[in-house]
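A look at the structure
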Amino acid sequence: MPRGLDPIPLVIFLCAYFNIEMSPSESPRFFSEKEVANHSTKNSCWVLTGTRIYDVTGFLRIHPGGEALILSQSGNDIRMEMAGPPHRHSENARRWMEQYYIGELDTDASADEIQMVREGTKTVDEETSPINKCSQVNLDTDLVDWRKPLAWQVGNLGEKYETWVHQPVNQPIRLFGNEFMEASTKTSWYMVPAVWMPLVFYLSWYCYTTLAQETTRLFASTDYSFLVHKYSFPLIFVMGMVTWTFIEYCVHRFVFHMRPPAHNYYLITIHFLLHGQHHKSPYDGSRLVFPPCLASVVIGSFYLLLTKSFPEALGVSLFVGGLFGYVVYDMIHYYLHYGSPQKNSYLYSLKAYHVKHHFENQRAGFGISTTLWDYPFNTLIPEQTFQKTQLTLLSTGGRPSPIPLRPGNQPLQ
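Reference entry: report on the structure contained in this document. (Residues numbered from 1 in each chain as written. Predicted model: local features only at pLDDT ≥ 70, side-chain atom pairs only at ≥ 80, totals over all residues. Heavy atoms only, no water.)

Concerning the overall build of the protein chain
Heads up, the condition is: In this text, helices come from DSSP runs of H or I with a minimum length of four residues, and strands from runs of E with a minimum of two, each type numbered from the N-terminal end. We call a residue buried when its accessible area falls under 20% of the maximum for its residue type, exposed when it is over 50%, and partly exposed in between, using a 1.4 Å probe and counting protein chains only. Contact definition: two residues touch when any of their heavy atoms are within 4.5 Å. To be clear on the numbers: accessible area is Shrake-Rupley with a 1.4 Å probe, and residue cover counts the displayed protein chains and nothing else.
Of the regular secondary structure elements, the protein chain holds 16 helices and 9 strands. Of all 413 residues assigned to the protein chain, the portion counted as buried reaches 43%. Within the protein chain, contacts between residues separated by at least 24 positions form 69% of all contacts whose residues are at least 6 apart in sequence. With an accessible surface of roughly 22,400 Å², the protein chain has 61% of that area assigned to carbon and sulfur atoms.

Comments concerning the nonpolar core
Which entries qualify depends on this criterion: Among the buried residues, those of types Ala, Val, Leu, Ile, Met, Phe, Trp, Tyr and Cys that are joined through side-chain atoms within 4.5 Å form a nonpolar core.
Counting residues in hydrophobic clusters, the biggest one holds 51 residues, and the most contacted among them are Val56, Trp196 and Tyr326. Residue assignment for this core shows that the elements contributing at least two residues are β3 (44-49), α5 (91-97), α10 (191-212), α11 (233-256), α13 (292-309), α14 (312-338) and α15 (346-359). Counting residues per element, this core draws most heavily on α14, which supplies 14 residues. Setting aside residues up to four positions removed in sequence, tryptophan 196 forms contacts with Pro292, Ala295, Ser296, Ile299, Leu323, Tyr326 and Val327. With 15 residues, the next largest nonpolar core counts Val144, Leu150, Val154 and Phe272 among its residues.

Considering the environment of asparagine 43
Residue position: asparagine 43 is located in the loop between β2 (40-41) and β3. Residue asparagine 43 is classed as exposed on the basis of its relative accessible area, which comes to 74%. Expressed as a C-alpha distance, the spacing of asparagine 43 and threonine 57, which sit 14 residues apart in the sequence, is 6.5 Å.

Details of the pairing of strand β4 (residues 52-55)
Under the convention used in this document: Paired strands are those between which DSSP finds at least two bridges.
As paired elements, β3 and β4 share 4 bridges and run antiparallel to each other. Along β4, the bridge assignment pairs leucine 48 with isoleucine 53. Counting the residues in the hairpin turn of β3 and β4 gives 2 residues, including glycine 50, whose phi is positive at 70°. Relative to strand β5 (residues 101-105), β4 runs antiparallel, the two being bridged by 3 bridges. Bridge pairing in β5 links arginine 52 to glutamate 104.

Structural notes on the pattern of salt bridges
The following threshold applies: One speaks of a salt bridge when a side-chain nitrogen belonging to Lys or Arg is within 4 Å of a carboxyl oxygen belonging to Asp or Glu.
Scanning all chains against the criterion turns up 8 salt bridges. For glutamate 104, the salt bridge is made with arginine 52, and the minimal N-O distance between the two is 3.7 Å. Of this pair, glutamate 104 sits in strand β5 while arginine 52 sits in strand β4, and the two are 52 residues apart along the sequence. Exposure class is identical for glutamate 104 and arginine 52. Each is buried.

Digging into α13
As a reminder of what qualifies: To estimate how far a helix should reach, multiply one less than its number of residues by 1.5 Å.
Taking 1.5 Å per residue, 18 residues should reach 26 Å; α13 reaches 25 Å between its end C-alpha atoms and fits that length. Burial in α13 covers these residues: Pro292, Ala295, Ile299, Leu306 and Thr307. Residues of α13 that are buried sit in contact with α10 and α14.

Describing a nonpolar patch on the surface
Heads up, the condition is: For patch detection, residues must exceed 30% relative accessible area and be free of salt bridges, and they are connected within 9 Å for like charges or within 5 Å for nonpolar side chains (Val, Leu, Ile, Met, Phe, Trp, Tyr).
Together, Val251, Phe254, Val255, Leu267, Ile270 and Leu274 make up an exposed nonpolar region whose accessible area comes to about 450 Å². For the nonpolar patch, the secondary-structure elements that each account for two or more residues are α11 and α12 (265-280). Of note, isoleucine 270 is situated in helix α12. Residue classification places isoleucine 270 among the partly exposed positions, given a relative accessible area of 42%.

Focus on the sheet that holds β4
If you walk across this open sheet you meet the 5 strands as β1-β5-β4-β3-β2, and the pairing is mixed. The outermost strands of the open sheet, each flanked by one partner alone, are β1 (29-31) and β2.

Considerations on the packing of aromatic side chains
Formally: Stacked, tilted and edge-to-face are the three classes assigned to paired rings of Phe, Tyr and Trp, where Trp is represented by its six-membered ring and a pair needs centres within 6.5 Å; plane angles under 30 degrees give stacked, over 60 edge-to-face, the rest tilted. Remark: a charge is flagged as sitting over a ring if the NZ atom of Lys or the CZ atom of Arg is within 6 Å of the ring centre and within 35 degrees of the ring normal.
This model, assessed by the stated rule, comprises 23 aromatic pairs. Note on tyrosine 202 and tryptophan 205: the rings are 6.1 Å apart at their centroids and 40° apart in plane angle, and the pair reads as tilted. Taken together, the positions of tyrosine 202 and tryptophan 205, both in helix α10 and 3 residues apart, correspond to about one turn of that helix. Tyrosine 202 gets classed as partly exposed once you look at its relative accessible area, which sits at 48%. Tryptophan 205 gets classed as exposed once you look at its relative accessible area, which sits at 54%. Over the aromatic face of tyrosine 101 sits the side chain of arginine 52, whose NZ or CZ is 3.9 Å from the ring centroid.

Nothing here speaks to function; it is geometry throughout.
Structure, rendered in structure tokens:
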């Protein structure tokens, strides 16, 4: 910091911009360029944004672009990579990154000064500099009390709920105080195929053998019907899977992403329990798939609907295809959050698309297992443009504009 320049306004701006709490009891650690460069492996990976140092080792596995992309930039300044191309990181992503902040790059201090900081000895300038009072984000200052169950608090947020729930944190959520109710909201990913795949196999065998009896007929009218042959089972099964992708899209868009009225405590609470908690804590691995006990109610309802609407064997064939589609959906959803797909693969692009939905475009990108239905319903997440961003970087000393731009350089409203 040049002498004679008052750092206080700058520090206050930075702390407010990144939602960083001012703490009088903590000061940043300083590291040399050589030390930063030494942390460039999967076991210890550090990156820079300007002089700020981040230990992103714990983020490698869940990084949407794969761990190799971060490792290739370890020890380097990643501001240009954060701004894109190929991907411009959102303000939510930048806010998320602050939890990995560990200290500052000492570019001009002597070895004695660095050692003095590490031993806890502070110079007068260090002690009085307000930059040293910036600490990590303190979730205790959030709009809700994270030390208590959140289920009964979020309804009181009112008009602030919509903004709050779409600012992701890497913080486990406690929904209920009751241990049984809390446990019922958590499910390991493998429980979904363990519970539902045996049913898929059994019903597939049942449908094929029933259709093989050649007693299932679909009536187009009272006078005309045609035989549903056993060889049509694979086609019906696939039709059930495609039907599921449409149901998946509709539920995600119109139920999970409904906008509860700000004055309605109960609808806000229901929304948070259904899906809001997932957007608030997107990397909570115990809540990425739907609990089988709760899912059985919805699945049973679809079973009754289809078997009452069609001849039994035909209805069950559609149902089992849809059930398999649901299992695939839940597995893909989990993988999109925790997997590391190969670059340029279908799942790689799907993961990047889903991360954009979480961090940038919560009102678009509702397809999970496929983006098929985002096209006809005009909810496809648009491609990003970068020309304006690069100009902004030059004019702001490397810091991306806080206002993301749409194609045509029109600011988001």
